[in-house]
Amino acid sequence: MKKIVYLLFAVCLLTACQESFEDRCAREAKEFTKKKCPAVINQNTIIDSMTFNKQTLTVSYYYSLSGNADNAMAIQQTNPRELLFNEVKNSTALKGAREHEYNIRYVYYSTANKGMVLYETTFTAKDYNK
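Residues numbered from 1 in each chain as written. Predicted model: local features only at pLDDT ≥ 70, side-chain atom pairs only at ≥ 80, totals over all residues. Heavy atoms only, no water.

**Examining helix H2 (residues 21–36)**
Helical periodicity: at 3.6 residues per turn, an α-helix aligns residues three or four positions apart in one direction.
Working step 1: With 16 residues, H2 ought to run about 22 Å at 1.5 Å a step, and its terminal C-alpha atoms sit 21 Å apart, in line with that.
Working step 2: Buried within H2 we find Cys 25, Ala 26 and Ala 29. Down the axis of H2, the buried side of the element spans an arc of 100°, and every buried residue falls inside it. Exposed side of H2, more than 90 degrees from the buried face: Lys 34 and Lys 35 are the residues found there.
Working step 3: Next to the buried residues of H2 lie strand E2 (45–53). (Helix = DSSP H or I, 4+ residues; strand = E, 2+ residues; numbered from the N terminus. Expected span 1.5 Å × (residues − 1). Buried < 20%, exposed > 50% of the residue type's maximum accessible area, 1.4 Å probe, protein only. Arc of directions from axis to C-beta. Contact = heavy atoms within 4.5 Å.)

**Digging into the layout of surface pockets**
Working step 1: If you add up the space inside the largest pocket, you get close to 820 Å³.
Working step 2: Counting only elements with at least two residues in the lining of the largest pocket, the list comes to H2, strand E1 (39–42), E2, strand E3 (58–65), helix H3 (72–77), helix H4 (80–90), helix H5 (95–99) and strand E4 (103–110).
Working step 3: Ranked by residues supplied to the lining of the largest pocket, first place goes to H2 with five residues.
Working step 4: Classifying every residue of the lining of the largest pocket by side-chain character gives 22 nonpolar, seven polar and three charged. (1 Å grid on protein atoms, 1.4 Å probe; cavity = no way out; pocket = protein on both sides within 12 Å on 5 of 7 lines; lining within 4 Å. Points joined across faces, edges and corners; volume = space filled by probe spheres on them. Nonpolar A, V, L, I, M, F, W, Y, C, P; charged D, E, K, R; others polar.)

**Some remarks on the environment of Tyr 102**
Working step 1: Tracing the sequence through the fold places Tyr 102 in the loop between H5 and E4.
Working step 2: The buried category is assigned to Tyr 102, whose relative accessible area is 1%.
Working step 3: Along the backbone, Tyr 102 and Lys 54 are 48 residues apart, and their C-alpha atoms lie at a distance of 9.7 Å.
Working step 4: Ignoring anything within four residues of it in the chain, the contact list for Tyr 102 reads Phe 21, Glu 22, Cys 25, Phe 52, Leu 57, Val 59, Ala 97, Phe 123 and Tyr 128.

**Here's the deal with the sheet that holds strand E5 (residues 117–123)**
Working step 1: Reading across the sheet, the five strands line up as E1-E2-E3-E4-E5 and stay open at both edges, with mixed pairing between neighbours. Every interior strand has two partners, whereas the edge strands, E1 and E5, have only one. Between one strand axis and the next, the sheet turns by 25° as a mean value, whatever way the strands run.
Working step 2: As paired elements, E3 and E4 share eight bridges and run parallel to each other. Of the residues in E4, the one forming a bridge with Thr 58 is Asn 103.
Working step 3: Its contacts with the sheet place H2 against E1 and E2, and it is angled at close to 155° to E2. (Pairing = 2+ DSSP bridges. Axes fitted to C-alpha atoms, helices over the stretch in contact; angles between N-to-C directions.)

**Description of the nonpolar core**
Working step 1: Within the largest apolar cluster, 25 residues are counted, with the highest numbers of intra-cluster contacts made by Phe 52, Val 59, Tyr 61, Val 88, Ile 104, Tyr 106 and Tyr 108.
Working step 2: For this core, the secondary-structure elements that each account for two or more residues are H2, E2, E3, H4, E4, E5 and helix H6 (125–128).
Working step 3: Element by element, the count of residues in this core is highest for E3, at four residues. (Core = buried A, V, L, I, M, F, W, Y, C linked by side-chain atoms within 4.5 Å.)

In structure tokens, the structure reads:
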């Protein structure tokens, strides 16, 4: 009888631990946001949250910009898409997302003008698998 109880317990543990990669991404994004956000990246940048949308298979990073960085025209002049593309291509943290061909999205908001999107871009597998 004890062996059957232990076997059932082991089966329950194994099935409970089986999690799809999409579920894992969603869980880890929530945990990251809850435990680490908001977090200062540099003097003018704060990461507000990270999400994973299972329907669109998109990992999204949300930032707030302040000070000199809180300027849409200045952002456009720095060619942020190229800088972010290098981050997507080289980041070990995004390796799983790239392997599963997920979309990777970045959204930057103004601190001075709440709700105003200063810059937004999304990378797809077509972009980073060239």
